[in-house]
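So the chains spell out like this:
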Amino acid sequence: MSSVSRLVSSVCKKIIKPYSPTPISLRCHKLSYLDQMVGGIYLPLALFYPKLSNTWSNKPNNVVSQHLEKSLSKVLTNYYPFAGKLNDNISIDCNDSGVEFFITKINCPMSEIFNHPYFEKHNLVYPTEVINNQYTYEGSLAVFQLSHFSCGGIAISMCLSHKVGDGYTFGNFMNHWATLARNPLSSEIYPISPKFDGSFYFPPTKDEDSSNVSNNNIMPQREECVSKGFSISSSKLTALKARVINESKVQNPSDTEVVSAFFYQRAMATKKLVNSSSIRPSLLHQAVNLRPPLPKHTMGNIGSLFSILTKEEKEMDLAQVVSKLRKEKEEVKQKYKNAKIEELLPITLEQYRKANDLLVNNSCYDLYRFSSLITFPSYDVDFGWGKPEKVISPLSTSNPPIKNMFVLMDDKNRDGVNLTCSMKKQDMLAFERDEELLQFASPTS
């Protein structure tokens, strides 16, 4: 047993089932084509509450747990596929078998987790079996853990199967859960009533062997890497945007565009230094949420992606990278804008083919993957004792982390950006010391 794992004690496991039985008409949830494409990885997220509000601070641990368990049971009525069983790569049997809920004690203060130079200690707040087997876990399709720290704070972690939904689905689930926890007797209705109807927009394969679809797996290969967090303050973000506005035709660059371009630029620059050579040609893949044009209440994997290619050093300029991102994003939006329902899947598959062809035809290129959770209300998740002090993004706990993966999130004040990235250790050592990077971004771990 490692010194880190010795900090965990009193692990208790429960099964939480939906409060109301799933209707017969919803018992068989068909996977969409995009659900079939993604790997069976679990997406993890953790919310840290260092100090509970006065109403809750003196309550026994079991009362906090019961509060979460009751509201979780209620929200599973709306998000019923998470409480079911996966049927190969075809459907989910929504049989209300329930989800796993772990309760642990961590024998150290929360600050000890935050002050670790990388992200290894963060894994303590997740169920061990899920984190160690994120691609092969065979338990419930959603797994939760409530961790009590010696300082009195708590962490709530969630691991949701990517087969059921994407980051948008995840965000709606946890905020819907928190709304029900805060208002157990209220008639308050969560603004988005979920519908798991992705197969209507992206019909599943008609192949007898649906596993053929997942052979085109869009999930990346795993490699030995390290993860690290950075933050860009509001003032630094404004300065980067000003540079882009002054040097390009993009007059309203978004946080996602500017931060993605900046970190991509610095990653390429430091990789060049590591290899003592000219720039390595590189690809940036950017995930895109398709709500809109699809309805906001549609849950599942409802996304696409686009790519940009950088071959020469003169193309590394920040403003140029942002301009390329904007051009590609606008072209993708235009493709979907007036698309008929039967055109959605062909358009999306073409986007993936274009991205994969770029990589296959340029196998010596470096690939950087970016996913943005900016505007997702992660820091609004209040179960009744206040909002989280810290939210750890999904990437930080991937085991091992995905090479050259970047996840963007709002910071707590909603005016800056937090970013988690993973790289090979030698690349990270050069990256985290890059002077231009550190002019605008501060390490958070």
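Residues numbered from 1 in each chain as written. Predicted model: local features only at pLDDT ≥ 70, side-chain atom pairs only at ≥ 80, totals over all residues. Heavy atoms only, no water.

**Section: the overall build of the chain**
Item 1. For the chain, the helix and strand inventory stands at 14 helices and 16 strands.
Item 2. If you take every contact in the chain between residues at least 6 apart in sequence, the share linking residues at least 24 apart comes to 77%.
Item 3. Surface exposure of the chain reaches about 19500 Å², of which carbon and sulfur atoms provide 50%. (Helix = DSSP H or I, 4+ residues; strand = E, 2+ residues; numbered from the N terminus. Contact = heavy atoms within 4.5 Å. Areas by Shrake-Rupley, 256 points an atom, 1.4 Å probe, with all protein chains shown as cover.)

**Regarding the packing of aromatic side chains**
One pair of aromatic rings is described through two measures. These are the centre distance and the angle between the planes.
Item 1. Counted according to the given criterion, the structure contains 24 aromatic pairs.
Item 2. Consider the rings of Phe230 and Phe431, whose centres lie 5.7 Å apart with planes at 90°: the pair is edge-to-face. Pair noted here: Phe230 is in strand β9 (residues 226–232) and Phe431 is in helix α13 (residues 425–431), with a separation of 201 residues, a long-range link. Per residue, the accessibility class of Phe230 equals that of Phe431, and both read buried.
Item 3. Between the aromatic rings of Phe370 and Phe406, the centroid separation amounts to 4.5 Å while the plane-to-plane angle is 5°, which identifies the pairing as stacked. One end of the pair, Phe370, is in strand β12 (residues 366–372); the other, Phe406, is in strand β14 (residues 405–410), with 36 residues separating them in the sequence. Each of the two residues, Phe370 as well as Phe406, counts as buried.
Item 4. Through a chain of ring-to-ring contacts, the aromatic side chains of Tyr49, Trp56, Tyr79, Tyr80, Phe82, Phe144, Phe173, Trp177, Phe196, Phe383 and Trp385 assemble into a single cluster. (Phe/Tyr/Trp six-rings, centres within 6.5 Å; stacked < 30°, edge-to-face > 60°. Buried < 20%, exposed > 50% of the residue type's maximum accessible area, 1.4 Å probe, protein only.)

**Digging into the pattern of salt bridges**
Item 1. Summed over all chains, the structure comprises 22 salt bridges.
Item 2. The salt bridge partner of Arg266 is Asp434, with a shortest N-O separation of 2.7 Å. Residue Arg266 is found in helix α10 (residues 255–275), and its partner Asp434 is found in the loop between α13 and α14 (435–440); the two are separated by 168 residues along the sequence. Asp434 carries the same exposure label as Arg266, and that label is buried.
Item 3. Across the pair Glu331 and Lys327 runs a salt bridge, and its minimum N-O distance is 3.0 Å. Taken together, the residues span about one helical turn, with Glu331 and Lys327 both in helix α11 (residues 318–337) at a distance of four residues.
Item 4. Overall, the relative accessible area of 34% leaves Glu331 in the partly exposed class. (Salt bridge = Lys/Arg side-chain N within 4 Å of Asp/Glu carboxyl O.)

**Some thoughts on the state of the cysteines**
Item 1. On inspection of all chains with the given rule, the structure shows zero disulfides.
Item 2. Cys94 carries a free sulfur, and the closest cysteine sulfur to it, the one in Cys28, is 7.5 Å from it.
Item 3. The exposure class assigned to Cys94 is buried, which follows from its relative accessible area of 0%. (Disulfide = S-S within 2.5 Å.)

**A short note on the confidence of the model for the chain**
Interpretation of this model should avoid reading the predicted coordinates in detail wherever pLDDT is low.
Item 1. For the chain, per-residue confidence averages 87 on the pLDDT scale, and 88% of positions sit at 70 or higher.
Item 2. When the criterion is pLDDT under 50, residues 214–218 qualifies, and its contacts beyond four places in sequence or with other chains add up to 10 contacts. (pLDDT = per-residue confidence, 0-100.)

**Thoughts on the packing of helix α9 (residues 234–247) against α11**
Item 1. One can describe the packing of α9 onto α11 by two numbers: an axis separation of 9 Å at closest approach and a directional angle of 80°. Relative to α11, the element α9 lies roughly perpendicular. The residues of α11 that touch α9, namely those facing Leu240, Arg243, Val244 and Glu247, are Leu318, Ala319 and Val322.
Item 2. For the contact of α9 with α11, the residue count by class is five nonpolar, no polar and two charged. (Axes fitted to C-alpha atoms, helices over the stretch in contact; angles between N-to-C directions. Parallel < 35°, antiparallel > 145°, perpendicular 65-115°, else oblique. Nonpolar A, V, L, I, M, F, W, Y, C, P; charged D, E, K, R; others polar.)

**Some points on the UniProt feature "coiled-coil region" (unreviewed entry) in the chain**
Item 1. Here the UniProt feature "coiled-coil region" (unreviewed entry) sits at residues 311–342.
Item 2. Span residues 311–342 is 69% helix and 0% strand, its end C-alpha atoms 36 Å apart. (UniProt positions renumbered as here; feature names shortened; annotations may be inferred.)

**Looking at the sheet that holds strand β4 (residues 85–87)**
Item 1. Reading across from one edge, β2-β5-β4 is the order of the three strands in this open sheet, with antiparallel pairing throughout. A strand with exactly one partner marks an edge of an open sheet, and here the two such strands are β2 (28–30) and β4. The mean inter-strand angle of the sheet, taken between neighbouring strand axes irrespective of direction, is 30°.
Item 2. Pairing of β2 with strand β5 (residues 91–93), which is carried by three bridges, proceeds in the antiparallel orientation. Residue pairing for β5: His29 is matched across the bridge by Ile92. (Pairing = 2+ DSSP bridges.)

**As for the packing of helix α3 (residues 61–78) against helix α6 (residues 167–182)**
Item 1. Orientation of α3 relative to α6, taken along the N-to-C sense of each, is 125°, at an axis distance of 8 Å. Taken together, the axes of α3 and α6 lie oblique to each other. α3 and α6 meet at a crossing whose hand is right-handed. Together, His67, Leu68, Ser71, Leu72, Lys74, Val75, Leu76 and Asn78 of α3 and Phe173, His176, Trp177, Leu180 and Ala181 of α6 make up the contact between the two elements.
Item 2. Residue classes in the contact of α3 with α6 are distributed as eight nonpolar, four polar and one charged. (Left-handed = near helix turned anticlockwise from the far one by under 90°.)

**Focus on the environment of Cys159**
Item 1. Summarising the element assignment, Cys159 is placed in strand β8 (residues 154–161).
Item 2. A relative accessible area of 0% means that Cys159 is categorised as buried.
Item 3. With 15 residues separating them in the primary sequence, Cys159 and Phe144 have C-alpha atoms 6.3 Å apart.
Item 4. Those residues in contact with Cys159, other than ones at most four positions away along the chain, are Tyr42, Leu43, Pro44, Tyr126, Pro127, Val130, Leu141, Ala142 and Val143.

**Structural notes on α9**
In an α-helix, one turn spans 3.6 residues, which is why side chains three or four residues apart end up on the same side.
Item 1. Helix length check: α9 (14 residues) gives 20 Å between terminal C-alpha atoms against 20 Å at 1.5 Å per residue, within 8%.
Item 2. When we look at burial in α9, the residues that qualify are Leu237, Leu240 and Val244. Down the axis of α9, the sector holding all buried residues measures 65°, keeping them to one side. The exposed set on the far side of α9, more than 90 degrees from its buried face, consists of Ser235 and Asn246. (Expected span 1.5 Å × (residues − 1). Arc of directions from axis to C-beta.)

**Comments concerning the sheet that holds β9**
Item 1. One open sheet holds the seven strands; their spatial order is β11-β10-β12-β14-β15-β9-β16, and the pairing between them is mixed. The sheet is open, and its two borders are formed by β11 (303–310) and β16 (442–443), each paired with just one other strand.
Item 2. Bridging between β9 and strand β15 (residues 417–423) involves seven bridges; their strand directions are antiparallel. Bridging from a neighbouring strand, Ser227 pairs with Ser422 of β15.
Item 3. Against the sheet, α11 engages β10 (282–289) and β11, with an angle of about 145° to β11.

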